[in-house]
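Descriptive structure summary
Here are the chains, one letter per residue:
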Amino acid sequence: MAVFRILEATARPGAVARLSELVVRQEQEIVAKAPGIVFVQTLRSGDRVMAVSSWASVDDMKRYLDRPETGAFYRALPELLMGVPSVRTYEVISP
């Protein structure tokens, strides 16, 4: 079953450009090339950044999450963020 994963985060003051760069680099270099990726997009509004990805299956998304590059990405986030990012996963219930 297809799934969407949505990450939303607020940048620390002065860090939105670096946060945006980090998320876009992850999108273009890792997520976009991952097996099972259907769609990926990064959005920004003021100091908020959102990354939306769609995966062919939960297993494809889990394989992406288990990659060392993904772990490194998540470890790099805290110094750029106000608080903890919101990460939600939704199952597609309508074709």
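One can find the structure itself at the top, above this paragraph.
So, here's what we can say about the structure. (Residues numbered from 1 in each chain as written. Predicted model: local features only at pLDDT ≥ 70, side-chain atom pairs only at ≥ 80, totals over all residues. Heavy atoms only, no water.)

1. Some points on the packing of aromatic side chains
Just so we agree on the cut-off: Here a pair means two rings of Phe, Tyr or Trp (six-membered ring of Trp) with centres within 6.5 Å. Their orientation is stacked below 30 degrees between planes, edge-to-face above 60, and tilted elsewhere. Between buried and exposed lies partly exposed: a residue is buried under 20% and exposed over 50% of the maximum accessible area for its type, with that area taken using a 1.4 Å probe on protein chains only.
Following the criterion strictly, the structure yields two aromatic pairs and no others. Plain terms: the ring middles of Trp55 and Tyr64 are 5.2 Å apart, the flat faces sit at 25° to each other, and that makes the pair stacked. Residue Trp55 is classed as buried on the basis of its relative accessible area, which comes to 0%. Note on Tyr64: relative accessible area 6%, which makes it buried. Ring centres of Phe73 and Tyr74 lie 5.1 Å apart, and the angle between their planes is 75°; on these two criteria the pair is classed as edge-to-face. Given a relative accessible area of 6%, Phe73 falls into the buried group. Assessed through its relative accessible area of 27%, Tyr74 is described here as partly exposed.

2. Observations concerning the pairing of strand S2 (residues 37-45)
The following threshold applies: DSSP calls a pair of strands paired once it identifies at least 2 bridges connecting them. Each helix is a run of DSSP H or I of at least 4 residues and each strand a run of E of at least 2, with the numbering of both proceeding from the N terminus.
Judged from the eight bridges that link them, S2 and strand S3 (residues 48-55) form a sheet pairing that is antiparallel. Residue pairing across strands places Phe39 opposite Ser54, the latter belonging to S3. Hairpin connection, S2 to S3: the antiparallel pair is bridged by two residues, and Gly46 has positive phi, about 65°.

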